[in-house]
Amino acid sequence: MNKTKLFLLALAGLFAVSCATNPVDETAVVDANAMTAKKFVNTSNEANEGELIIYVDETVAEMLTGAECATRSGSPIDAVVAEIGATSIKPVFNLNVNGDVKRARGMHRWFTVTFPETVALEAAAERLAAVKEVSRIQFATAIVRPEATAVEADPSQCAQTRSDEMPFDDPMLYKQWHYRNLGLQEIHPQAKAGADVNVFPAWEITKGRNDIIVAVVDEGVCYEHEDLVDNMWVNESEANGVEGVDDDNNGYVDDVHGYNFAHNGRVSWTRSKDSGHGTHVAGTVAAVNNNGIGVSGVAGGSGNGDGVRIMSCQILSGEKDAGSGGTAKAIEYAADMGACILQNSWGFGAGQLANDSAFANGSTSVELDAFHYFMATKNNPNLEGGIVIFAAGNDGKAVAGYPGAYNEIIAVTAIGPDGLPTYYTNYDRGCNVAATGGEYAPITWAEQSCVLSTVPTNIAKSGYAYMQGTSMACPHVSGIAALALSYAMDNNIVLTLPELKDIIVSSVNNINPYLTGFKTKVDTGGTLNLSSYNNKMGTGLIDAYKVLMAVRGTKCIPLPVGEEVIINISSYIGDGTNDKIKMVESEIPQEVIDALGIENIKWMGGKLMLTCTKPGSGIVTLKYIAGGNTKGGGQITGGMQAEQEFAFVARYGVAYDEGTLEPINPGGWL
Ligand SMILES: [Ca+2]
Ligand SMILES: [Ca+2]
Ligand SMILES: [Ca+2]
């Protein structure tokens, strides 16, 4: 086994943020009385020096905000501020934008206190905690990031060699098994057809909209990338403004495609330690579709300028990170500048925070206030709020990392091309839904079974690379959320935030029947006991087409290709077994017959029999008799005729012959 690779792989994927509230380290926090100890949101573990975040009483907040020089505000904290030699006290949040709403939420009471790094951090915190009007103190926890490994994809080797029809002309789309998995051995020896997010049929209905903005909270997104540039969000007043000037007066200079909250400046991706992670995530959400180059993105549009827009909220930059305050600002920025989906492939290590209460610090931390503000902000006319989506983390533990594990946030676990849990994914507590995160092939370490997306050319010369992780699974869900919203907008459907969350976690395919026995762990060669993942990967594997049908309010009927299927409508209506619900002959639209290659349609005993000869999808209205036609006294008493709309979804089964494109051993898709 290649040891170097093993080391990198073990670390690849997710950015772990070091613990914000580890069990209290007695040496880290100077002995404090019970009152002041209660004020600490977290410990000084992994904290940035020279910086503290404080939450102050209303009156002090007004004095600090109104004072010409906040370090001499006339407030009760002036004396301490002088003692620790503070150079500035600034509001964490930007009260120039949407200030009234933020004040009503108490966000104006958070301040960042900056002082020389020579001042002992814990001592400074203790001094501030002793001030009555300071109610909370948060250390600016540094984001510790392990290396993420990008393995270059060679476009010439990714050119399509088979004749199967692709929905877009992006040459590398056919290598993106995570969108449509045919179960090819060339991808993975145990590849399973249908172990994907089923986005192909979804694209027949919607491909995205350019008035939906997805904020990528991550490393900087390479906004010049050939396959991303057309789907980048653009702050027009900065794009047409003056360099070095905050043209839109939002507090950030030259934030054309977002902002670098770690270095306080332009979005960047070429510093030492930058890994291409943010650009990879962005490509999965919305690489430009059908532009004849590179890859496709889940909500990347049709090639006509209709892809969803990516906003880069950069919290990792070279060796620097934005800390707690900077991360909170990045989330606030996303809300203030129009994003309605917050894509987060970062998080604290699994188990470092015990539960929701520890994350929320009983009531709040500066990040949680920012998340709540994002969730409460309506930036899209068809969504009442903003949705927050997180990677579950790569610790291989039976608990998601925070913030993803938090009950108001969707945490995404990762499966491989074999349809099984990956060796690295977190699972069980706090995990909500699974998506394709990829996994190196066992023994050979072949990378084609990882997720293929965009990276900056300083990371991989071609601009395209494979990566694995829950980091890679997460943007599939963010992209699908964007497709759901596109479809809602196209059809004048307004979704509440609980409705969209319900649609995402309930529109899934069941992977539990596969979770028996063992699989080999790629990293150690040990075994993964699959039964320990049963019912613990969230609700199931997300299905983009089912998501759209849920937005529409239409149930899906799965139809394995190449198999004669008997459709019994009572499986979908009533208690699932009612034999008084019988179908009557209904019209199957010709376009659906053509799309799925339907043959041998037969109506028998209130059931429909048919065979689909190719994958596809279509909407049909099925008529049925409810309550049954009952004979009595020589007359028939009629049951009531009713009808319901269903979606037929035909897919390939377990495996697929590479030469003939014929399905072999069909029926594996559940
Ligand atoms: Ca600006
Ligand atoms: Ca400018
Ligand atoms: Ca493309």
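What you see is a predicted model, and the numbers here were worked out from it, not measured in a lab. Residue indices begin from 1 for each chain and proceed along its sequence in written order. Think of it this way: whatever chain is written first is A, whatever ligand is written first is 1, and the rest follow in order. Residue-level local features of this predicted model are given only where pLDDT is at least 70; pairs of side-chain atoms are given and counted only at 80 or more, and the full residue set underlies all totals for whole chains, interfaces and linings.

A. Representation of the overall build of the chain within the structure. Helix and strand counts for the chain come out as 16 helices and 34 strands. For the exposure call, what matters is how many other C-beta atoms sit within 10 Å of a residue's own: 20 or more marks it buried, 12 or fewer exposed, and in between partly exposed, using C-beta atoms placed from the backbone. For the chain, the proportion of its 670 residues judged to be buried stands at 54%. Contact criterion: two residues are in contact if their C-beta atoms, reconstructed from the backbone, are within 7 Å. Counted over contacts in the chain with a minimum sequence separation of 6, partners at least 24 positions apart contribute 72%. By the criteria applied, helices consist of DSSP H or I runs no shorter than four residues and strands consist of E runs no shorter than two, each listed in order from the N terminus.

B. Main features of helix α10 (residues 323-336). Taking 1.5 Å per residue as the helical rise, α10 with its 14 residues ought to reach 20 Å, and the 20 Å between its terminal C-alpha atoms agrees with that figure. Of all 14 residues in α10, 14 are buried; the element is thus mostly enclosed. Expected helix span is computed as 1.5 Å times (number of residues minus one).

C. Region of interest: the confidence of the model for the chain. Per-residue confidence for the chain gives a mean pLDDT of 87, with 88% of residues at or over 70. Long-range and interchain partners of residues 1-32, a stretch whose pLDDT sits below 50, account for 91 contacts in this model, where long-range means more than four residues apart. For every residue, the pLDDT score states the predictor's confidence, bounded by 0 at the bottom and 100 at the top. Note on residues 663-670: pLDDT is under 50 here. Beyond four places in sequence and across chains, it has 36 contacts.

D. Layout of the sheet that holds strand β6 (residues 151-152). Any two strands with at least two DSSP-identified bridges between them are counted as paired. What the three strands build is an open sheet, ordered β6-β18-β17; its pairing is antiparallel. Every interior strand has two partners, whereas the edge strands, β6 and β17 (451-454), have only one. Where β17 lies against strand β18 (residues 464-467), four bridges are found, and the strand directions are antiparallel. Counterpart to leucine 452 in the pairing with β18 is tyrosine 466. Lying over the sheet, helix α9 (residues 277-286) contacts β17 and β18, oriented at roughly 100° with respect to β17. Structural elements are reduced to axes, namely lines fitted to C-alpha atoms, with helices fitted over the stretch in contact, and the angle between N-to-C directions of any two is expressed from 0 to 180 degrees.

E. View of the sheet that holds strand β4 (residues 110-114). Judged by pairing direction, the sheet is antiparallel, and its four strands sit side by side in the order β3-β4-β2-β5 without closing on themselves. Single-partner strands in this sheet number two, and they are β3 (88-91) and β5 (134-141). Ignoring strand direction, the axes of neighbouring strands in this sheet form an average angle of 30°. Pairing between strand β2 (residues 47-56) and β4: five bridges, direction antiparallel. Bridge assignment links tyrosine 55 to a residue of β4, and that residue is tryptophan 110.

F. Just helix α15 (residues 544-552), in detail. Along α15, eight of the nine residues are buried, which leaves the element largely enclosed by surrounding structure. Turning to α15, its buried residues number three or more, namely Ala544, Tyr545, Lys546, Val547, Leu548, Met549, Ala550 and Val551.

G. Molecular detail of the environment of asparagine 426. On the secondary structure map, asparagine 426 appears in the loop between β15 (410-415) and β16 (433-436). Remark: the alpha-carbon pair of asparagine 426 and lysine 397, spanning 29 residues in sequence, is separated by 4.8 Å. Apart from the residues lying within four places of it in its own chain, the contact partners of asparagine 426 are Ala350, Ala392, Gly393, Asp395, Gly396, Lys397, Val399, Ala400, Gly401, Thr413, Cys431 and Thr470.

H. Broad picture of the nonpolar core. Ranked by internal contacts, the top residues of the largest apolar core, which has 194 residues, are Ala334, Val412 and Ala484. By residue number, the principal contributor to this core is helix α13 (residues 470-490), which donates twelve residues. In this structure valine 412 touches Ile389, Phe390, Ala391, Ala392, Val433, Ala435, Thr470, Ala473, Cys474 and Val477, once residues within four positions along its chain are discounted. Nonpolar core, as used here: buried Ala, Val, Leu, Ile, Met, Phe, Trp, Tyr and Cys residues forming one set through C-beta atoms within 7 Å.

I. Structural context of unusual backbone geometry. Look at the link from tyrosine 402 to proline 403: it is a cis peptide, with omega at 5°. Considering the arrangement of structural elements, one finds proline 403 in the loop between β14 (387-391) and β15. The backbone phi angle of asparagine 98 is positive, close to 60°, even though this residue is not glycine. Inspection of the secondary structure puts asparagine 98 in the loop between β3 and α5 (99-104). Residue asparagine 98 is classed as partly exposed on the basis of its 17 C-beta neighbours within 10 Å. A positive phi angle is found at asparagine 290, which is not glycine, with a value near 60°. Inspection of the secondary structure puts asparagine 290 in the loop between α9 and β9 (309-317).

J. Region of interest: the packing of helix α14 (residues 497-506) against α15. It is the contact of α14 with α15, at a shortest axis distance of 9 Å, that shows an interaxial angle of 140°. Relative to α15, the element α14 is oriented oblique. Note on packing geometry: the crossing formed by α14 with α15 is right-handed. Contacts from Ile503, Ile504 and Ser506 of α14 reach α15 at Val547, Ala550 and Val551. Gly is placed with the polar residues, together with every amino acid not listed as nonpolar (Ala, Val, Leu, Ile, Met, Phe, Trp, Tyr, Cys and Pro) or charged (Asp, Glu, Lys and Arg). A class-by-class count of the residues in the contact of α14 with α15 yields five nonpolar, one polar and no charged. Reported orientations rely on four angle classes, namely roughly parallel under 35 degrees, roughly antiparallel over 145, roughly perpendicular from 65 to 115, and oblique for the rest. Definitions for this section: a left-handed crossing has its near helix turned counterclockwise from the far helix by less than a right angle. A right-handed crossing has that turn clockwise.

K. Focus on the environment of alanine 391. Examined against the element boundaries, alanine 391 turns out to sit in strand β14. Overall, alanine 391 belongs to the buried group, with 33 C-beta atoms counted inside 10 Å. Distance from alanine 391 to asparagine 344, taken between C-alpha atoms, is 6.5 Å for residues 47 residues apart in sequence.

L. Molecular detail of the packing of α9 against α13. Contact geometry for α9 and α13: axes closest at 8 Å, N-to-C directions at 35°. Seen from above, α9 lies across α13 with right-handed handedness. On the side of α9, the interface is formed by His277, Val281, Thr284, Val285 and Ala286, while α13 contributes Ser471, Met472, Pro475, His476, Ser478, Gly479 and Ala482.

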